Amino acid sequence: MILNRESVDRSSEKKGIAKARTAIEITGLNKWFGELHVLKDVSLSVSEKEIIVICGPSGSGKSTFIRCINHLENYQEGTVSIFGEKLESNKKSAVLIRNNVGMLFQNFNLFPHLTILQNCTLGPIWLRKIPESESIKQSMALLDRVGIAALASKYPGQISGGQQQRVAIARSLAMEPRIMLFDEPTSALDPEMIKEVLDVMIDLAESGMTMMCVTHEMQFAHQVADRVIFMADGEIVEIGPPDQVLKNPKWDRTSQFLQHVLSHKS
Amino acid sequence: MDSQATPKTELLNFIPSPSRPPVVITHGFTGWLKKHLFGGFWNTLLTIAVFTLLYLLLKPFLEWSLVKAVWTASSRRECLSISPDGACWAAVIRWSNNLIYGRYPDPLQWRINLGIGIGIIWLLPLALKKIKHKIVIGLMAVVFYPFLASYLFLGGDRGRLHYVIASVALAYLFMLYMNIILIYLGKKQTGQYFESLIERFVPRRADLLGHLTFLLILSVLIAFIFRDFSLQDVSTDVWGGLFLTIIISGFSIVMALPIGILLALGRRSQMPVVRWFSIATIELVRSVPMITVLFMSVTMMPLFFPNTMDLNKLAQVIIAVCIFAGAYMAETVRGGLQAIPKGQFDAAKSIGLGYWYTMAFIILPQALRAMIPNIVTSFISLFKDTTLVSIIGLFDLMLMARNISIDKNWFGLHTEPLVAISVLFFIFCYTMSQYSQRLERHLTKGR
Ligand SMILES: Nc1ncnc2c1ncn2[C@@H]1O[C@H](COP(=O)(O)OP(=O)(O)OP(=O)(O)O)[C@@H](O)[C@H]1O
Ligand SMILES: [Mg+2]
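This report concerns the structure included in the present document. Remember, it's a predicted structure, so these values are computed and weren't measured experimentally.

Comments concerning helix H5 (residues 89–101) of chain B
Along an α-helix, residues three or four apart share an orientation, since each turn contains 3.6 residues.
All names here are of chain B.
Stage number 1. Taking 1.5 Å per residue as the helical rise, H5 with its 13 residues ought to reach 18 Å, and the 18 Å between its terminal C-alpha atoms agrees with that figure.
Stage number 2. At Trp95, H5 shows its strongest bend, of approximately 55°.
Stage number 3. Of all the residues in H5, the buried ones are Trp89, Ala90, Ala91, Val92, Trp95, Leu99 and Tyr101.
Stage number 4. Against the buried residues of H5 lie helix H3 (41–67), helix H4 (76–82), helix H6 (109–123), helix H11 (241–267), helix H19 (397–404) and helix H20 (415–443).

Regarding the site of ligand 1
Residues and elements named next belong to chain A.
Stage number 1. In the vicinity of ligand 1, the contacting residues are Phe33, Leu36, Val38, Pro57, Ser58, Gly59, Ser60, Gly61, Lys62, Ser63, Thr64 and Glu184.
Stage number 2. In the environment of ligand 1, an oxygen atom lies 2.6 Å from a nitrogen or oxygen atom belonging to the side chain of Ser58.
Stage number 3. Here Gly59 contributes a backbone N or O atom positioned 2.8 Å from an oxygen atom of ligand 1.
Stage number 4. Protein contacts shield 59% of the accessible area of ligand 1, which totals 630 Å² for the unbound molecule.
Stage number 5. At the level of elements, strand S2 (36–47) and helix H2 (62–69) are the ones that each hand at least two residues to the shell around ligand 1.
Stage number 6. Per element, the largest residue contribution to the shell around ligand 1 is 3 residues, and it comes from H2.

Some remarks on the pattern of salt bridges
Two side chains that carry opposite charge are able to pair once their charged atoms sit near each other.
Stage number 1. Counted by the stated rule, this structure contains 18 salt bridges over all chains.
Stage number 2. Put simply, Glu73(A) and Arg67(A) hold a salt bridge, and the shortest N to O gap is 3.0 Å. Pair check on accessibility: Glu73(A) and Arg67(A) agree, each one buried.
Stage number 3. With a closest N to O distance of 3.9 Å, Lys68(B) and Asp85(B) form a salt bridge. Residue Lys68(B) is found in the loop between H3 and H4, and its partner Asp85(B) is found in the loop between H4 and H5; the two are separated by 17 residues along the sequence.
Stage number 4. With relative accessibility at 34%, the residue Lys68(B) sits in the partly exposed group.

So, a nonpolar patch on the surface
All names here are of chain B.
Stage number 1. Where nonpolar side chains cluster on the molecular surface, the patch consists of Leu46, Val50, Phe51, Leu54, Leu58, Phe61, Leu62, Leu66, Val67, Trp71 and Ile93 and spans about 1100 Å² of accessible area.
Stage number 2. Ranked by residue count, the leading element in the nonpolar patch is H3, at 9 residues.
Stage number 3. For Val67, the location among the structural elements is in helix H3.

Thresholds applied
- Residues numbered from 1 in each chain as written.
- Chains lettered and ligands numbered in written order.
- Predicted model: local features only at pLDDT ≥ 70, side-chain atom pairs only at ≥ 80, totals over all residues.
- Heavy atoms only, no water.
- Helix = DSSP H or I, 4+ residues; strand = E, 2+ residues; numbered from the N terminus.
- Expected span 1.5 Å × (residues − 1).
- Bend = angle between axes of the 7 residues up to and from the residue.
- Buried < 20%, exposed > 50% of the residue type's maximum accessible area, 1.4 Å probe, protein only.
- Contact = heavy atoms within 4.5 Å.
- Near = heavy atom within 4 Å.
- Polar contact = N/O pair within 3.5 Å; in protein donor to acceptor, adjacent residues only side chain to side chain.
- Areas by Shrake-Rupley, 256 points an atom, 1.4 Å probe, with all protein chains shown as cover.
- Salt bridge = Lys/Arg side-chain N within 4 Å of Asp/Glu carboxyl O.
- Patch = residues over 30% accessible without salt bridge, like charges linked within 9 Å, V, L, I, M, F, W, Y side chains within 5 Å.

Written out as C-alpha cells, the structure is:
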C-alpha cells in the first residue's frame, strides 16, 4: 500500500522544486472571535513533505489555527502562504487552496445524501472537470487504497465511523492535494477503529504528503512526526522533534498536559 | 500492544449462538380485528359506539347523495319533482364541461387536453428507474413546457420568440422519448452519435454538445414543419374551471420553490442589500392576507409597469400568487437550511466547492429532502388557496361552481356543486400528499 509517492515526486520534479521547499508559511497570524484573542502572533514554516503534529489543551486554538490555513476561518492579521503564494480571500486563492490543500474533520462530514463513490467523485467532476467515467475509475482506486472499495455504493449512514473517516480521506485525495490538514481525525472514533484510520494516515505520510495534524495520538506522533507543536492559549509554546517535545518538554504546561493525555489513554 | 494475545485466544474459542429468523407477526384480517377492535370489553364497547355514530352520521348523507339522488334532469324543478330530498347531481353533470374548461370554446377544448397531456407525458419519465439526470428533465419541463402549453392554450400569433421556444420544447420532448427508447433497447442515445464528430473540434464536454446538437437539429426541423400552423386566438377571459385552477396553482407551485430558495438564500446572504431585500419581501408578504395581495396585484401592479404593456388579469394574479407562495416557501426552505450542520459547509469548502456548487449539490438537496412534508403541505394549501382568485372575478373551479346557483335552470342550487368540487379537491390534494410520502420514503431509503 504505497500511496501516490510517485505522483508527488513527479509533480515536484516537473516544476523544478527543490526538496526542502516551503509548503506553508504562516507569519504573525492573529485572530479574534469578538473580544476573544484566539491566535496570538502565530508564525510557522512547514517544508514540503514535512509531518507536523499539533497538540495542546482544549480551547488552545488548535482547530482555529489549522482552519485558518485553508481559509475555513478568516483572520484579522498576518499572512498565510502556500507554496510561496500569499492567500487572499479571492477566487485565485480559492483555486490555489482547492488544488493543494485537503482537510479532514473530527466528525468526518461526509455528504449523507450521496453514496460513498459520489462523495469522492463530486469534486473531481465539477471542479477539476474530469469526465465522469475517468473520475469513477480514479475514485475507486482511492477507495481501494483506503480499503473500502466494496462499500462504494453505500451511503455514509450505513458504514462505521472508521470507514467514514477513510472515505473522507479518499474524498480529499481525489482532489490530489499536496498538503493535508487533519483536525482530530480519530477523536470521534471507537478505539478499535482508530488504528485503521491511523494506518491510512501513516501511509499518506510515507508517501510524501505534507501533513499538519491536530491529534492526541502520541504513538502516531512519535512514529511519523517530524516536528511536534504544543499550543496553549493561542500561542505555540513549544516546537521541536517529537523526542524533544514529548519526552523532555521544556515547559511545565507541556509535561503536565502530556501526563494528562497519557494517563487518560491508559 | 502486547495485551492483544489474551483476547485473541479467547476469541478463537468463541462460538456464536445460532441466529434465529425474525419474529413474524401474522394474524390475518380476523386476527387484526380481534386484536385492535375487539380486544377487551372497553375496546369492544368503543368500537361499537364509534361505528354506530358513523352509521348515524353517514346514513343520511349516503341516502341524500346516492340512494335518492337524481342524475338526469334538465332543471332544478324537475329534480325536485323526481326526488324532493335527494341530491340533484344532474346540475353538476350538465355543468361538468364548464366546471372543467370554464368558457373555453367547445371545439377548441382539445388544445387543453393536449397541453395537459403533454405535461403529463413530459413528467412520466421521472418515474422510470433506468433514466438518469432526472433533474435535467424536470428543469427543462419547468423552463420550456410553459411556452409550449401557453402556445396551445392561447393560440393566435404569439410572436417569433415564443414560437421558437415552443419548438425547442417540443423537440426536447421528442428527443427525450427517443433517448428513453434507445436506453431501454440498450443502444447509444441520440446525442452520442454526434460525439465523435464533435470531439474532433471541441474535445471538452463533447457529450453535452452532442445532445445540444441533436436538440438544435430537431428544433429546426419542428419549427419548419409547423411554420404554417396557426391556432385560433382564445382570450384568457374565457379560461376557467378546473383548467384555470390547475394553471394558477401549477404555475405558482412550480415557481414557489425557486423563488423561495432564492429568498431563503438571500436572507442568509453576507451581502447586506440582498439580505435586506429578501427580509423585506418575505416579511411584507407574510404579514398581509392573500386576498389583499390579490387585490393589490390587480389594482396596483399596473402602476409598476409601463403603460404600453398590456397586462392581463390572469398574469397579474399569477405573479401575485407566485410571490406570495414564494415568501412562505422561503421560510420553509430556511428551516431546512438551518438544520444542516456547519460541518457540511466546511467539508464542501475544504474540497473547494464554491457558494453555488455547495448550495446546489450539498446543502439544498439535504435541506429540501428534510422539508418535503412541509413543502408539500404548503403546495396543498396553495392549491386550495387559489380558490380565492374567484373573489377578484377569475372563473376558477370555485366561482364556476357558485355560478351554477345563478343559472336560471338551477337557481338556488348550492350544495351539490360545492360537494362535487370538494371531492375534486380532495382527490387532487390526497394524491399530492400520497406522492410526497412515496417520495420521502424513496429518498430516505438506505439512510
Ligand atoms: N466560531 C466561534 N465563535 C466564537 N468563539 C470560538 C469559535 N470557535 C472557537 N471559539 C473559541 O476559540 C477558542 C479556540 O477554539 P479551538 O476550537 O480552536 O480550540 P481547540 O484547541 O481546537 O480545542 P479542542 O481541543 O476542544 O478542539 C476557544 O476558546 C473557543 O471557545
Ligand atoms: Mg478543536
